[in-house]
Amino acid sequence: MSKKQYKHNVSINDKRRDRKRTADFMRKDTGKESLQVVFNTLYKDQVRALYRTISKDK
C-alpha cells in the first residue's frame, strides 16, 4: 500500500490573518497577561470571598 502524501499549502489569506492577529495583539497591548490583570483587578476579591464562604460551611 502506498501512503497518501498530503501537503498543506498556506494561502495568502492565512498569512494575512496570522499577521493581523499578531499586529492587533501588539497594537492594542492585549495578550495573555492582560487577561490576568483584568481578572485580578475585577474579580479576585469576589472569588476569594466566595471561596472563604464555601470553605467555612464545610
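Numbers given to residues run from 1 along each chain, matching the order in which its sequence is written. Predicted model: local features are reported for residues with pLDDT of at least 70 only, side-chain atom pairs are reported and counted for 80 or more only, and whole-chain, interface and lining totals are derived from all residues. Excluding hydrogens and water, the side-chain figures rest on all heavy atoms present in the structure.

A.B. asks: Is there a simple way to think about the overall build of the protein in this case?
C.D. replies: By the criteria applied, helices consist of DSSP H or I runs no shorter than four residues and strands consist of E runs no shorter than two, each listed in order from the N terminus. Helix and strand counts for the protein stand at three helices and zero strands. Residue burial is assigned from relative accessible area. The probe radius is 1.4 Å, only protein chains are included, and a residue is buried under 20% of its type maximum, exposed over 50%, and partly exposed in between. Expressed as a percentage of the 58 residues in the protein, the buried residues total 2%. Note that accessible areas follow from Shrake-Rupley with a 1.4 Å probe, and for residues the cover is restricted to the protein chains shown. By element, 56% of the accessible surface of the protein is carried by carbon and sulfur atoms, the whole surface being about 6500 Å².

A.B. asks: How should I be thinking about the pattern of salt bridges in this particular structure?
C.D. replies: Side chains that differ in sign of charge can pair as their charged atoms come close. Counted as salt bridges are all cases of a side-chain nitrogen of Lys or Arg within 4 Å of a carboxyl oxygen of Asp or Glu. Overall, the coordinates contain three salt bridges when judged by the stated rule. The partner of Asp-14 in a salt bridge is Arg-17, with the nearest N and O atoms 3.0 Å apart. With Asp-14 and Arg-17 both in helix α1 (residues 12-28) and three residues apart, the pair spans about one turn of that helix. You can call Asp-14 partly exposed: its relative accessible area is 23%. As a salt-bridge pair, Asp-18 and Arg-21 come within 3.2 Å of each other at their nearest N and O atoms. Here Asp-18 and its partner Arg-21 are both found in helix α1, three residues apart, which amounts to about one turn of the helix. Of the residues examined, Arg-21 reaches a relative accessible area of 43% and is grouped as partly exposed.

A.B. asks: Is there a simple way to explain helix α3 (residues 44-57) in this structure?
C.D. replies: For an α-helix the count is 3.6 residues per turn, leaving residues at separations of three or four pointing the same way. To estimate how far a helix should reach, multiply one less than its number of residues by 1.5 Å. Its 14 residues place the ends of α3 20 Å apart at the C-alpha level, agreeing with the 20 Å of an ideal helix rising 1.5 Å per residue. Counting buried positions over the 14 residues of α3 gives zero, only a small fraction of the element.

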